There are 2 protein chains.
Amino acid sequence: MTTSRPGGHDQRPGERGDLLDPRCPTRQLLDRIGTKWMSMAVKVLAEEAPGELRFAELRRRIPGISQKMLSATLQSLVRDGLVARRVESTVPPAVHYRLTELGLSLEGPLSALRVWAETHMPEIGRNNQLADESTLDQGVRRVSW
Amino acid sequence: MTTSRPGGHDQRPGERGDLLDPRCPTRQLLDRIGTKWMSMAVKVLAEEAPGELRFAELRRRIPGISQKMLSATLQSLVRDGLVARRVESTVPPAVHYRLTELGLSLEGPLSALRVWAETHMPEIGRNNQLADESTLDQGVRRVSW
DNA sequence: GTGACAAGGTCACGTTAGGGAACTAGCCTG
DNA sequence: CAGGCTAGTTCCCTAACGTGACCTTGTCAC
């Protein structure tokens, strides 16, 4: 995501605006972990590390995810080398997933973010409520006669 | 974002799938910092902290951002209480932005993520290249006769 | 032979993020 | 009075994200 430029027309190179994508590794990382299920999958796999989890078990541990999204998420993670996929050629072929070393190294910063979220998101929620209320006041004053 | 459920039909509560949005502060945080300019804005403001920056100066320091997106980004940050907005009622009214204490506290985990990105994203890039090449091979074998 | 399971893939769809271009307000300069 | 500055806002558009529903391939149970 955010890898192509959806804007209306083509971009002349060297014009302005092509310096943000290639240069910023943080953007690329956030494009990955910012997708809806990525961080959840990493967390679940990290809890099991260095063990493995199968597709159906992952589905069970990530409530609300569809097969399609789990599949897509895992494909991205494998493609990035954060997760290893191991196919066991048994009776019905079983597929096992585990975090690679790279994936495990991401768990550090990611769990720091989780801790921050758990401690500070309630405050952000309150701030949003306050903002909503004040704009509501203005809305009432402006809209109804 | 990711706060409404766009899926085709309504959700019976207690059925399955309503436990992911309200319960997960990490999701809410990632929905915020995952947007394209959020983390960039926080970083730029953090570099200047505890000083302030004006709208035009922020634009200059965030290459490629449009007025519209900068405006929207700052509004979200202010709404969340991560950034404080101060209007100076001078000749042309000047608006100053600075990180709040809450915003500054986010810089810690966020910069940890940036460090991780800078050290490990090249490896992820290589992994993706390898994946592209192997699927390209398969594509050639499958598609052209 | 009909159904179930595993691990997905594909299709059709709606929502949303993000981009561009143009417009606004009041004041200042030429 | 034409034009420019600041700090935005508004409209319109597209591409990507995410969802649900259905299809697949192969083996096992009834």
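Just so you know, these numbers come straight off a predicted model, no measurement behind them.

Looking at the overall build of chain A
Looking only at helices and strands, chain A features 5 helices and 3 strands. Mapped from its N terminus to its C terminus, chain A presents α and β elements in the order α-α-β-α-α-β-β-α. A burial count over chain A gives 36% of its 145 residues as buried. Once local pairs closer than 6 in sequence are excluded, the contacts in chain A between residues at least 24 apart make up 44%. Here chain A has roughly 8,800 Å² of accessible surface; of this, 54% comes from carbon and sulfur atoms.

Digging into the pattern of salt bridges
One pass over the full model with this rule turns up 19 salt bridges over all chains. Ionic pairing is found between A:Glu48 and A:Arg61, a salt bridge with its closest N-O pair at 3.0 Å. Of this pair, A:Glu48 sits in helix α2 (residues 38–48) while A:Arg61 sits in helix α3 (residues 55–61), and the two are 13 residues apart along the sequence. The partner of A:Arg79 in a salt bridge is B:Asp132, with the nearest N and O atoms 2.7 Å apart. Note that A:Arg79 is positioned in helix α4 (residues 67–80) and B:Asp132 in helix α5 (residues 101–143), a pairing that runs across two chains. A relative accessible area of 37% means that B:Asp132 is categorised as partly exposed.

Section: the sheet that holds strand β3 (residues 94–99) of chain B
Strands in a sheet are paired, the pairing made by backbone hydrogen bonds, and the direction either parallel or antiparallel. Residues and elements named next belong to chain B. Strand order in the open sheet made by the 3 strands is β1-β3-β2, with antiparallel pairing throughout. Taken across any chain shown, the strands that pair with only one partner, and hence form the sheet edges, are β1 (53–54) and β2 (83–88). Of the pairings in the sheet, the one linking β2 to β3 comprises 6 bridges and is antiparallel in character. Bridge assignment links Arg 85 to a residue of β3, and that residue is Tyr 97. Seen against the sheet, helix α2 (residues 38–48) touches β1, β2 and β3 and runs at an angle of roughly 90 degrees to β3.

Some details on the packing of α2(A) against α4(A)
When two helices pack together, their arrangement is given by the angle between the helix axes and the distance between those axes. All names here are of chain A. Two numbers describe how α2 lies on α4: the axes approach to 10 Å, and their chain directions differ by 75 degrees. Judged on the interaxial angle alone, α4 and α2 are roughly perpendicular. Counted together, Met 38, Ala 41 and Val 42 of α2 and Thr 73, Ser 76 and Leu 77 of α4 form the full contact between these two elements. Here the contact of α2 with α4 is composed, by residue class, of 4 nonpolar, 2 polar and no charged.

Some details on the relation of the copies chain A and chain B
The second copy of the chain is related to the first by a rotation about an axis and a shift along the axis. Screw-axis analysis of chain A against chain B gives a translation of 0.0 Å along the axis, an RMSD of 0.1 Å, and a rotation angle of 180 degrees. Taken together, the rotation and translation describe the operation of a two-fold axis. Minimal C-alpha separation from the rotation axis in chain A is found for A:Gly34, amounting to 2.4 Å. Looking at chain A, 100% of its interface residues are interface residues in chain B too, so the copies touch through the same face.

Side note on the interface of chain A and chain B
With 43 residues of chain A at the interface, the matching set in chain B holds 43 residues. When residues of chain A are sorted by the area they lose upon contact with chain B, A:Arg79, A:Leu113 and A:Trp116 head the list and together hold 16% of the total. Counting every contact that joins chain A to chain B gives 14 residue pairs in polar contact (both at pLDDT 80 or more). Elements supplying a minimum of two residues to the side of chain A that touches chain B: α1 (25–33), α4 and α5 (101–143) of chain A.

A word on unusual backbone geometry
Cis geometry marks the peptide bond from A:Ala49 to A:Pro50, where omega comes out at 0 degrees. Here A:Pro50 shows up in the loop between α2 and β1 (53–54).

Remarks on the sheet that holds β1(A)
Residues and elements named next belong to chain A. Strand order in the open sheet formed by 3 strands is β1-β3-β2, and the pairing between neighbours is antiparallel. With partners counted over all chains shown, the strands left at the sheet margins are β1 and β2 (83–88), one partner each. Across the face of the sheet, α2 comes into contact with β1, β2 and β3 (94–99) while running at roughly 90 degrees to β3.

Here we look at the environment of A:Arg27
Tracing the backbone shows A:Arg27 in helix α1. Each residue touching A:Arg27, except ones within four places of it in the same chain, is listed here: B:Gly34, B:Thr35, B:Lys36 and B:Ser39.

Each value, and the rule that gives it
Residues numbered from 1 in each chain as written. Chains lettered and ligands numbered in written order. Predicted model: local features only at pLDDT ≥ 70, side-chain atom pairs only at ≥ 80, totals over all residues. Heavy atoms only, no water. Helix = DSSP H or I, 4+ residues; strand = E, 2+ residues; numbered from the N terminus. Buried < 20%, exposed > 50% of the residue type's maximum accessible area, 1.4 Å probe, protein only. Contact = heavy atoms within 4.5 Å. Areas by Shrake-Rupley, 256 points an atom, 1.4 Å probe, with all protein chains shown as cover. Salt bridge = Lys/Arg side-chain N within 4 Å of Asp/Glu carboxyl O. Pairing = 2+ DSSP bridges. Axes fitted to C-alpha atoms, helices over the stretch in contact; angles between N-to-C directions. Parallel < 35°, antiparallel > 145°, perpendicular 65-115°, else oblique. Nonpolar A, V, L, I, M, F, W, Y, C, P; charged D, E, K, R; others polar. Least-squares fit on C-alpha atoms with pLDDT ≥ 70 in both. Buried area = accessible area lost by both parts, 1.4 Å probe. Polar contact = N/O pair within 3.5 Å; in protein donor to acceptor, adjacent residues only side chain to side chain.

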